[in-house]
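Each chain, written out:
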Amino acid sequence: MSLPPEFHEIAKRVNNWGRWGPDDEIGTLHHITDETVRQAAGHIRSGRRIPLALPLRQDGVQTGVIPGRVNPLHTMVQINQEIFGPGTVACSDDAVTFGLQAATHWDALTHVSHSGKIYNGRPAATITPHGGAEFSGIDKPGHVVSRGVLLDIARAKGLDRLEGGHAVTPEDLAEAEEFAGVTVRAGDIVLVRTGQMQVYLAGDKHGYGYPSPGLSVRTPEWFHARDVAAVANDTLTFEIFPPEIEDLWLPVHALDLVEMGMLQGQNWNLEILSTACAEASRYAFLLSAMPEPFVGATGTPVAPIAIL
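Residues numbered from 1 in each chain as written. Predicted model: local features only at pLDDT ≥ 70, side-chain atom pairs only at ≥ 80, totals over all residues. Heavy atoms only, no water.

**Observations regarding the overall build of the protein**
Tallying secondary structure elements over the protein gives 9 helices and 15 strands in all. In terms of overall size, the protein behaves like a compact globule, its C-alpha atoms giving a radius of gyration of 20 Å where 308 residues would be expected to give roughly 19 Å. Along the first, second and third principal axes, the C-alpha atoms of the protein reach 70 × 50 × 40 Å. Out of the 308 residues belonging to the protein, those deemed buried represent 52%. Sequence separation of at least 24 residues holds for 77% of the intrachain contacts in the protein that already meet a minimum separation of 6. Element-wise, carbon and sulfur atoms account for 54% of the exposed surface of the protein, whose accessible area totals about 13700 Å². (Helix = DSSP H or I, 4+ residues; strand = E, 2+ residues; numbered from the N terminus. Rg over C-alpha atoms; globule rule 2.2 N^0.38 Å. Buried < 20%, exposed > 50% of the residue type's maximum accessible area, 1.4 Å probe, protein only. Contact = heavy atoms within 4.5 Å. Areas by Shrake-Rupley, 256 points an atom, 1.4 Å probe, with all protein chains shown as cover.)

**Structural notes on the side chain of aspartate 188**
Here aspartate 188 is to be found in the loop between helix 4 (170-180) and strand 9 (189-193). You can call aspartate 188 buried: its relative accessible area is 1%. Residue contacts for aspartate 188: discarding those within four places in its chain leaves Ser146, Arg147, Val149, Thr183, Val228, Ala229 and Ala230.

**Side note on the nonpolar core**
Soluble, globular proteins show a tendency: their nonpolar side chains are buried together. Counting 64 residues, the largest nonpolar core has Trp106, Leu191, Phe223, Trp268 and Leu273 as the members making the most contacts within it. In terms of residues, this core owes the most to one element, helix 8 (residues 251-260), which gives 6 residues. In terms of nonpolar packing, the next biggest core, distinct from the first, is built from 7 residues, Leu54, Val61, Met197 and Val199 among them. (Core = buried A, V, L, I, M, F, W, Y, C linked by side-chain atoms within 4.5 Å.)

**Some remarks on the pattern of salt bridges**
In the structure shown here, the tally under the stated rule is 12 salt bridges. Residue aspartate 152 is joined to arginine 193 by a salt bridge in which the shortest nitrogen-to-oxygen separation is 2.7 Å. A residue pair is termed long-range when its members are at least 10 positions apart, and aspartate 152 in strand 7 (residues 145-152) and arginine 193 in strand 9 qualify at 41 residues. Of the two residues, aspartate 152 and arginine 193, both sit in the buried class. The partner of glutamate 171 in a salt bridge is arginine 218, with the nearest N and O atoms 2.7 Å apart. Remark: arginine 218 occurs in the loop between strand 10 (214-215) and helix 7 (219-225) and glutamate 171 occurs in helix 4; sequence separation between them is 47 residues. Look at arginine 218 and you get partly exposed, because its relative accessible area is 38%. Each member of the salt-bridge network shares a partner with another, and the members are Asp152, Arg155, Arg193 and Glu271. (Salt bridge = Lys/Arg side-chain N within 4 Å of Asp/Glu carboxyl O.)

**Topic: the packing of aromatic side chains**
Following the criterion strictly, the structure yields 6 aromatic pairs and no others. Ring centres 5.0 Å apart and planes at 65° place the aromatic pair tryptophan 106 and tryptophan 268 in the edge-to-face group. You can see tryptophan 106 sitting in strand 4 (residues 105-107) and its partner tryptophan 268 sitting in the loop between strand 12 (263-266) and helix 9 (271-280), a full 162 residues away along the chain. Tryptophan 268 shares its class with tryptophan 106; the two are buried. Taken together, the ring pairs in this structure connect Tyr210, Phe241 and Trp249 into an aromatic cluster. One cation-aromatic arrangement involves arginine 226 over tryptophan 222; the distance from NZ or CZ to the ring centre is 3.8 Å. (Phe/Tyr/Trp six-rings, centres within 6.5 Å; stacked < 30°, edge-to-face > 60°. Lys NZ or Arg CZ within 6 Å of the ring centre and 35° of its normal.)

**A few points about the environment of glycine 27**
Tracing the sequence through the fold places glycine 27 in the loop between helix 1 (5-14) and helix 2 (34-41). For glycine 27, a relative accessible area of 0% translates into the label buried. The spatial distance from the C-alpha of glycine 27 to the C-alpha of glutamate 82 is 48 Å, given a sequence separation of 55 residues.

**A look at the layout of surface pockets**
A water-sized probe rolled over the atoms picks out the places where empty space is left. One number sums up the size of the largest pocket: a volume of about 440 Å³. Around the largest pocket, the lining is made up of 19 residues, and of these Val65, Ile66, Leu236, Thr237 and Phe241 lie nearest the centre. The element best represented in the lining of the largest pocket is helix 6 (residues 205-209), accounting for 3 residues. Taken together, the residues of the lining of the largest pocket sort by class into 9 nonpolar, 8 polar and 2 charged. In this structure, the second largest pocket occupies an estimated 190 Å³ of space. In this structure, the second largest pocket is lined by 16 residues; those nearest its centre are Leu3, Leu248, Trp249, Leu250 and Pro251. (1 Å grid on protein atoms, 1.4 Å probe; cavity = no way out; pocket = protein on both sides within 12 Å on 5 of 7 lines; lining within 4 Å. Points joined across faces, edges and corners; volume = space filled by probe spheres on them. Nonpolar A, V, L, I, M, F, W, Y, C, P; charged D, E, K, R; others polar.)

**Concerning helix 1**
Among the residues making up helix 1, those that are buried are Phe7, Ile10, Ala11 and Val14. An end-on view of helix 1 places all buried positions within 105° of arc, on one side of the element. Exposed positions of helix 1 whose direction lies more than 90 degrees from the buried face are Pro5 and Lys12. (Arc of directions from axis to C-beta.)

**Quick look at unusual backbone geometry**
For the bond from tyrosine 210 to proline 211, the omega torsion is -10°, close enough to zero to count as cis. We note that serine 115 has phi near 55°; this positive angle belongs to a residue other than glycine. Counting through the fold element by element, serine 115 comes out in the loop between strand 4 and strand 5 (127-128). A relative accessible area of 58% means that serine 115 is categorised as exposed. In the Ramachandran plot, serine 281 falls in the positive-phi region, its phi being about 50° despite a non-glycine side chain. By the element assignment, serine 281 lies in the loop between helix 9 and strand 13 (284-288). We classify serine 281 as exposed; its relative accessible area is 60%.

So, in structure tokens, the structure goes:
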């Protein structure tokens, strides 16, 4: 089924192909400048550090619905082994096999394609079985540190969490922005809290994934207008699931990653951060969310830290 006209109309309005030149591979991360980071550091008041990642564990968020995206399988490859001879220092080593987007992660710009293209108009065929992503792999950003802004949609509405069928709209983002007393600006990394993570933390993996609140197909234009560097939220699918437009699957992925060139993250645990921001009446902070530099990968686990 072809993408509908309304999708292509939004795509034209948010398209960043060529904005930073024909060789660009990192898209909206260009909005994070040295000055952006210097100003972001000024938001540190207490020094409190809040981790936002889920544990990497074999009984993690994945249920088998997405082929190949397996939870971590941790294996000990040596245990107290005296590899340099009897009586020497003993070593223990381990190995792990898992989907790079199994838990808290960033999607690289190559995670999805549409109409045979990836970000900046390159052919989707540049992603190959053995080499992975030739362009815009998750190793290309190098660093993702900037001002983080929590848009707590649920708290702004006086709710613990949004209902599964709630599509987060630009109006919701603006409401949460006003509630937080911040203005989202160029270079910010925006964290959108729906409260859906509570379902997973309560032990319901299937309910966490479906039905799920998430970003509406209308939100990419809101982020594009503000020159946001990256967006992450506390859901499995990032966008509303099932989709708000029947049979239009992953349109927000395509608009954010392919058209805009904007990193997006999923499965971020924003619950402790939500409470901390509310207690401090402060919703902006320094955020460090460094991608693991897997060469050619289309995503990576990340262990983000919000520093208040």
